[in-house]
Amino acid sequence: MNIIVCIKQVPNTTDVRIDPVTNTLIRDGVESVINPFDAYAIEEAVRLKERCGGKVTVLTMGPPQAENALREAISLGCDEAVLVSDRKFAGSDTWATSYTLAAAIRKIGDYDIILCGKQASDGDTAQVGPGISAHLDIPQVTYVKKIEEISAEKAAVERMTEEGYDVVETPLPCLLTVVKEINTPRMPSLKGLMRAKSAKPFKWTADDIEADPAALGLDGSPTRVIKIFTPVQRKGGEILKGDTGDISKELAELLKDMVI
Amino acid sequence: MDYLITEQQTMIRDLARKIADEKIKPVAAHYDETEEFAWPIMKILAESDLFGVYLPEQYGGLGGGILDMCLVTEELSRACGGIALGYAGTGLGTLPILLHGSEEQKKKYLPDIAAGKKLAAFCITEAEAGSDAGSIKTTARKEGDKYILNGTKQWITNAGEADIYTVIASTDKTKGVRGASAFIVEKGTKGMEFGKKEKKMGIRASATREVIFTDCEVPAENLISREGMGFIIAMKTFDCSRPGVAAQAVGIAQGALDHALEYARTRVQFDVPISSFQAIQHMLADMGTQVEAARALVYATARMVDSGAKSVAKESAMAKLFASDVAMKVTTDAVQIFGGYGYMRDYPVEKYMRDAKITQIYEGTSQIQRNVIAANMIKESIKK
């Protein structure tokens, strides 16, 4: 089974700072780590390999230093690594990013399953995984908390919902985004760390993945971020007390005043 | 202080520290309280390849030496000296095979130990043979192609949990220490049983039990080296394992110091953090200096062992003596800095003090270490 896991390097902080002028993330002086949700995708990919055989290719799009994240993924059990990196990718929104990753996945070629974290801890959009599946025209299941069964043709997975979970069957190849409930990521191994040290990730540019230049980076990104802000917290409601008849009238007045 | 360890050793230390911080620290108090054996942690250490750091590559290890083992033991002990002993005790049980085992024995036992699939234990101590290890009463009688073991070993670390036991037993009572031999006994061998689990002052996450042999039949091929070599094998094993105990002591001391320093910076009395008092500062300064001095001696000794030096008995004894005394002193002072809180079991430092004490006792008491040191000093001076 050929497994591809897509990861992202994110700032190692829960307190993400936004540049008030450009509305982009401030990355200077912040250590980069593998997106925490992607760690579960890596672990699940390695477990699938241990269960079914095959190999795990870890893929990321990012600046040259994203190679560190790929090496960490290798230390955790991934076999091969691909970095797609090009100045032309700068300013990509989730659409352009998923287009680029899908192009890289086409170049990797033979794959049965693609795993992603449910979302990145910096942007929190949860759009890139589904975007990849759309560009590749393969089925997707999001918020997967368990892979119940998997064969060469199909997989049955548990998809987490607010009330419980759905059991979804999907043909392969498919893309799954996973939630933290799916596993407990392992510690790296020394042999993995040594393999990671000597590993040579593939480095592909826009040309290598035969991407349409117009679909890349800022030009290929339909999204424009106008403003990023924390929504004002909603105050608690007002509770009316007293005789049912009285408070009904009072409520009607209040609603009239609010012009609902 | 920078000890100029190799890139691989840095990787080993950092990984052991990560596991200690993220996996052991949160559960150390639990295992201390319940006295359970920390199998989940052993599994993590196994999957991370840490059990193989000091074993040769042809047996599935990483090709490092005693220093590598010391680095792991120290880092794990910083979080919990008891859990670390599951690891270090396996090293002690493995060393007789590594140092004196045949190629067949190494091929048979070391790969599973390197992979962490099996833990090991070393059995020498008996009720009446502690410091006087030569007076062991366990016997091994040869009958055809096997040895029949009879006797009871006491206070055996990892007993019941380990799969591989190296056992010192007498094959010829008339020869005293020269009649002792070393055997490999696998758990499950008929006639081998485990006694009750001891309740201990410290290192409570570590399993300590009797190992009882009653007409226990061991294949003759499980004899390590040859008959009569048992005591020499035990002493050579201790020469290599004592830096490990010393590393455990350094780790325990460092762990207590880390807590004391953090507490001193945050504990406010008389409207200021107590770290602003010279009385506390001088204690911290002494503790830091002592820990660093102990670490330097341990690493230097481990490097000497790894260099293949012919005799390391004196240096190993010095490292264990010094580091274990430092551990006792520093952990006691850490409790002192915590004051009343330090005495309470809700706070982590009293455990370090309880854990430290054993390092002055096992694998040769501090008094026995002094005997070894002095005997070697006198021997060396006669040779000059």
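Rules of the game
- Residues numbered from 1 in each chain as written.
- Chains lettered and ligands numbered in written order.
- Predicted model: local features only at pLDDT ≥ 70, side-chain atom pairs only at ≥ 80, totals over all residues.
- Heavy atoms only, no water.
- Helix = DSSP H or I, 4+ residues; strand = E, 2+ residues; numbered from the N terminus.
- Buried < 20%, exposed > 50% of the residue type's maximum accessible area, 1.4 Å probe, protein only.
- Contact = heavy atoms within 4.5 Å.
- Salt bridge = Lys/Arg side-chain N within 4 Å of Asp/Glu carboxyl O.
- Pairing = 2+ DSSP bridges.
- Axes fitted to C-alpha atoms, helices over the stretch in contact; angles between N-to-C directions.

### Concerning the environment of Pro219(B)
Residues and elements named next belong to chain B. Positionally, Pro-219 belongs in strand 7 (residues 208-219). A relative accessible area of 36% places Pro-219 in the partly exposed class. For the pair Pro-219 and Gly-195, spaced 24 residues apart in sequence, the C-alpha to C-alpha distance is 23 Å. Residues contacting Pro-219, with those up to four places away along its chain left out, are Asp-145 and Lys-146.

### Some details on the pattern of salt bridges
All names here are of chain B. Within the structure shown, the criterion is met by 40 salt bridges over all chains. With a closest N to O distance of 3.0 Å, Lys-314 and Glu-380 form a salt bridge. In this pair, Lys-314 sits in helix 8 (residues 313-338) while Glu-380 sits in helix 11 (residues 366-383), placing the two residues 66 residues apart along the sequence. Overall, the relative accessible area of 14% leaves Lys-314 in the buried class. Residue class for Glu-380 comes out partly exposed when judged on its relative accessible area of 34%. Shared partners join several salt bridges into a network, and the residues in it are Asp-32, Glu-35, Arg-204, Glu-350 and Arg-354.

### Here's the deal with the sheet that holds strand 10 (residues 174-178) of chain A
Residue and element names in this part refer to chain A. Reading across the sheet, the 9 strands line up as 9-8-7-10-6-1-4-5-11 and stay open at both edges, with mixed pairing between neighbours. The open sheet has two free edges, formed respectively by strand 9 (165-171) and strand 11 (202-204), since each of these has just one partner strand. Strand-to-strand twist in this sheet, taken as the mean axis angle between neighbours without regard to direction, amounts to 35 degrees. Its contacts with the sheet put helix 3 (residues 94-108) on strand 1 (2-6), strand 4 (55-61), strand 5 (80-84), strand 6 (113-117) and strand 11, and the angle it makes with strand 4 is roughly 145 degrees. Relative to strand 10, helix 4 (residues 128-136) is tilted by about 175 degrees, and along the sheet it contacts strand 1, strand 6, strand 7 (140-150) and strand 10.

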